[in-house]
Amino acid sequence: MFSKYFGNFLLNKGIITSEQLNEVFQEEKNSHVKLGILALNKGFMSLSQIEEVNQAQMATDKRFGEIAIEKGYLTIDKLEELLTGQKTSYLLLSQILLDKNILTMEQISRHLFTYKNENGLSNEELQELTSDNVERIVSNSLELTNTSIEEYIILLVKNIERHLREKTFIEVVKEVPAEYQLRAYQKIVGEYSLDTYLVFQERDFIKVASIFAEEVLTEVDELCISAVLEFLNLHNGIFIVNEVDKGFDMDLKVQTLVDDLPSTNQALYFKLSFGDMNCYLCLEKN
Amino acid sequence: MNSLRVAVCDDSMLVRKKLKGSLEELGMSVVIEATDGSDIVEKLKETSDIDVLFLDIVMPNKTGIEALEELKSNEKTKDINVVMVTSVGTSKHVKEAVKLGVFDFMQKPVDINVLRTILERVKGE
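Being a predicted model, the structure only gives us computed values, none of them experimental.

Scoring rules and cut-offs
- Residues numbered from 1 in each chain as written.
- Chains lettered and ligands numbered in written order.
- Predicted model: local features only at pLDDT ≥ 70, side-chain atom pairs only at ≥ 80, totals over all residues.
- Heavy atoms only, no water.
- Helix = DSSP H or I, 4+ residues; strand = E, 2+ residues; numbered from the N terminus.
- Rg over C-alpha atoms; globule rule 2.2 N^0.38 Å.
- Buried < 20%, exposed > 50% of the residue type's maximum accessible area, 1.4 Å probe, protein only.
- Contact = heavy atoms within 4.5 Å.
- Areas by Shrake-Rupley, 256 points an atom, 1.4 Å probe, with all protein chains shown as cover.
- Lys, Arg positive; Asp, Glu negative; His and termini not counted.
- Charge placed at Lys NZ, Arg CZ, Asp CG, Glu CD.
- UniProt positions renumbered as here; feature names shortened; annotations may be inferred.
- Salt bridge = Lys/Arg side-chain N within 4 Å of Asp/Glu carboxyl O.
- Polar contact = N/O pair within 3.5 Å; in protein donor to acceptor, adjacent residues only side chain to side chain.
- Nonpolar A, V, L, I, M, F, W, Y, C, P; charged D, E, K, R; others polar.
- Domains from an automatic or database assignment.
- Buried area = accessible area lost by both parts, 1.4 Å probe.
- Core = buried A, V, L, I, M, F, W, Y, C linked by side-chain atoms within 4.5 Å.
- Expected span 1.5 Å × (residues − 1).
- Arc of directions from axis to C-beta.
- Axes fitted to C-alpha atoms, helices over the stretch in contact; angles between N-to-C directions.
- Parallel < 35°, antiparallel > 145°, perpendicular 65-115°, else oblique.
- Left-handed = near helix turned anticlockwise from the far one by under 90°.

### A few points about the overall build of chain B
- Helices and strands together make up the secondary structure of chain B, namely five helices and five strands.
- Going from the N terminus to the C terminus, chain B shows its helices and strands as β-α-β-α-β-α-β-α-β-α.
- Relative to a compact globule of 125 residues, whose C-alpha radius of gyration would be 14 Å, chain B shows 13 Å and is just as compact.
- Projected onto its principal axes, the C-alpha coordinates of chain B cover approximately 30 × 30 × 25 Å.
- Here chain B holds 125 residues, and 50% of them are scored as buried.
- Counting only contacts in chain B whose residues sit at least 6 apart along the sequence, the fraction spanning at least 24 positions is 63%.
- Accessible surface, chain B: about 5,500 Å² in total, of which carbon and sulfur atoms supply 45%.
- For chain B, the separation between the mean place of its 18 positive charges and that of its 22 negative charges on side chains is 1 Å.

### What about the overall build of chain A?
- Of regular secondary structure, chain A possesses 13 helices and seven strands.
- C-alpha extents for chain A along the principal axes are approximately 50 × 45 × 40 Å.
- Out of the 286 residues in chain A, the part that is buried amounts to 50%.
- When contacts within chain A are restricted to residue pairs at least 6 apart in sequence, those whose partners lie at least 24 apart make up 64%.
- Accessible surface, chain A: about 13,500 Å² in total, of which carbon and sulfur atoms supply 47%.
- Side-chain charges in chain A split into 27 positive and 46 negative, and the spacing between the mean points of these groups amounts to 4 Å.

### Things to note about the environment of Asp 79 of chain B
- As for its position among the elements, Asp 79 of chain B is in the loop between α3 (64-72) and β4 (81-86).
- By relative accessible area, which is 60% here, Asp 79 of chain B ends up exposed.

### Overview of the UniProt feature "modified residue: 4-aspartylphosphate" (unreviewed entry) in chain B
Residues and elements named next belong to chain B.
- Per the UniProt annotation, the sites labelled "modified residue: 4-aspartylphosphate" (unreviewed entry) are Asp 56.
- Counting through the fold element by element, Asp 56 comes out in strand β3 (residues 52-56).
- Each residue touching Asp 56, except ones within four places of it in the same chain, is listed here: Cys 9, Asp 10, Asp 11, Gly 64, Met 84, Val 85, Thr 86 and Lys 108.

### Overview of the environment of Glu 143 of chain A
Residue and element names in this part refer to chain A.
- With respect to the helices and strands, Glu 143 occurs in the loop between α10 (134-142) and α11 (147-163).
- A relative accessible area of 65% places Glu 143 in the exposed class.
- Through-space distance from the C-alpha of Glu 143 to that of Asn 8 is 18 Å; in sequence the pair is 135 residues apart.

### Side note on the interface of chain B and chain A
- Residue-level contacts link 23 residues of chain B with 25 residues of chain A.
- Linking chain B with chain A are four salt bridges, by the criterion used here.
- Across the pair Lys 17 of chain B and Glu 215 of chain A runs a salt bridge whose closest N-O atoms are separated by 2.7 Å.
- Our count for the chain B to chain A interface comes out at eight residue pairs in polar contact (both at pLDDT 80 or more).
- Within the residue set of the side of chain B that touches chain A, elements represented by two or more residues are α1 (13-25) and α4 (91-100) of chain B.
- Looking at the side of chain B that touches chain A residue by residue, the class counts come to nine nonpolar, seven polar and seven charged.

### What to know about the domain arrangement of chain A
Residues and elements named next belong to chain A.
- What the domain assignment reports for chain A is domain 1 (1-126) and domain 2 (144-285).
- Look at where the C-alpha atoms of domain 1 and domain 2 centre, and you get two points 24 Å apart.
- Buried surface at the junction of domain 1 and domain 2, summed over both partners, amounts to about 1,300 Å²; 54% is from carbon and sulfur atoms.
- Summed over the three residues of domain 1 that lose the most area to domain 2, namely Met 1, Met 58 and Asp 61, the buried surface amounts to 41% of that side.
- Taken together, the links from domain 1 to domain 2 amount to three residue pairs in polar contact (both at pLDDT 80 or more).
- No other element matches the three residues that helix α1 (residues 2-12) contributes to the side of domain 1 that touches domain 2.
- By residue class, the composition of the side of domain 1 that touches domain 2 is four nonpolar, four polar and six charged.

### Quick look at the nonpolar core
- Phe 6 and Ile 153 of chain A together with Ile 40, Leu 53 and Leu 55 of chain B are the most contacted members of the largest nonpolar core, which has 97 residues in total.
- For this core, the element with the highest residue contribution is helix α13 (residues 222-245) of chain A, accounting for twelve residues.
- Viewed by domain, this core spans two of them, domain 1 (1-126) and domain 2 (144-285) of chain A, each represented by three or more residues.
- Ignoring any residue separated from it by four or fewer positions in sequence, one finds Leu 53 of chain B in contact with Ala 7, Val 8, Cys 9, Ile 40, Leu 44, Leu 71, Ile 80, Asn 81, Val 82 and Val 83 of chain B.
- Of all hydrophobic cores here, the second largest spans 18 residues; its members include Leu 23, Val 30, Leu 115 and Leu 119 of chain B.

### Quick look at the pattern of salt bridges
- As enumerated under the stated definition, the model contains 32 salt bridges over all chains in all.
- Through salt bridges with shared partners, a single ionic network connects Arg 203, Asp 204, Lys 207 and Asp 276 of chain A.

### Regarding helix α8 (residues 105-118) of chain A
All names here are of chain A.
- If you check α8, its first and last C-alpha atoms are 20 Å apart, about what 14 residues at 1.5 Å a residue would give, namely 20 Å.
- What α8 keeps buried is the set Ile 108, His 111, Leu 112, Tyr 115 and Lys 116. Projected down its long axis, α8 carries its buried residues within an arc of 145°, all on one side.
- On its buried face, α8 is in contact with α1, α7 (89-99) and α9 (123-130).
- Two residues or fewer after α8 comes Gly 120, characterised by a positive phi angle close to 60°.

### With respect to the packing of α7 of chain A against α8 of chain A
Residues and elements named next belong to chain A.
- Contact pair α7 / α8: the axes reach a minimum separation of 10 Å and the direction vectors enclose 140°. When the interaxial angle is binned, α7 and α8 end up oblique. Pair α7 / α8 crosses with right-handed handedness. Residue-level contacts link Tyr 90, Ser 94, Leu 97 and Leu 98 of α7 to Met 105, Ile 108 and Leu 112 of α8.

Right, dumping it as structure tokens:
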């Protein structure tokens, strides 16, 4: 995930072009080796165990390794061995930049040092970022003061990775462009209430629905709408289970498409870019 | 696995489609599809000859818990095995549903292996 941030930093500094960055991201997507594949390759886990862990991962906020250990399929030592073999997005990005002769090793190190200084990061914080620590990346890039909203976004980024299989770049924005007319909405109620909106333009709405439904959808029909709404519902379901575990009494209302969004002075707006798709997240805490 | 008569109730067309596909893959026949709590209560008034009902919780008109309460208080439908299918498996829902006599719970997204185990339990295998 950090590659999205460092890649955009290089782009904004004019060090690489957007064509080069797109090419690098495409290459990165093709090269990322999932932990399950590594475990299978090493003979640590069987295919059915991997499928079982992948399925369990869909419904909870836990990492692959965590579930595999809980189920007794991996030991901590074996998990560490696998994690060492799985390159972080920063390492992959660096390798691709080098292989394509876009930057030298010395230039990459220098730009990472500039990134660290411009963002006021300690060595430990930089280490967490380059290790793809989602919590640190979201916390560092958004600087939110509200813990539950920050946790909501961290979980959404993880769920986009789990269910839509894409890494996310997220930024705070002031408004949603006019062409983003499809607005999935669900209200979380309880000890506090949170209005949650995922806002898309038609093309990306259909793409997200197709990935989540695991079939090719071509128009915004009932199945397509139900797929996007179900993704939001699944994400919010996991979020409130986490909140209930912390002692909050929370529940969900029925998810639906809506016409209106709250005004910008009432709500927080974020742009999420993943794959070649974009959507806007709007959160209004009451 | 011998076939059971199954009903599915979820407001999401995607979930109904996936669940129906998995059930049919396991040799079950889905004889009733409903889109919310009121819909399933009405449909089961007409045909209560059902072995198992897969019921969502968060739905419009009548929630899964409200529908479960009605079904369990009706002589005609009280013996149907109800499995709650949900993304919101909080302890509050579990307590309410258990108190009302729910048969089991199943987490979304639907896992065919979990589904198979539940169906085997319904049949007492």
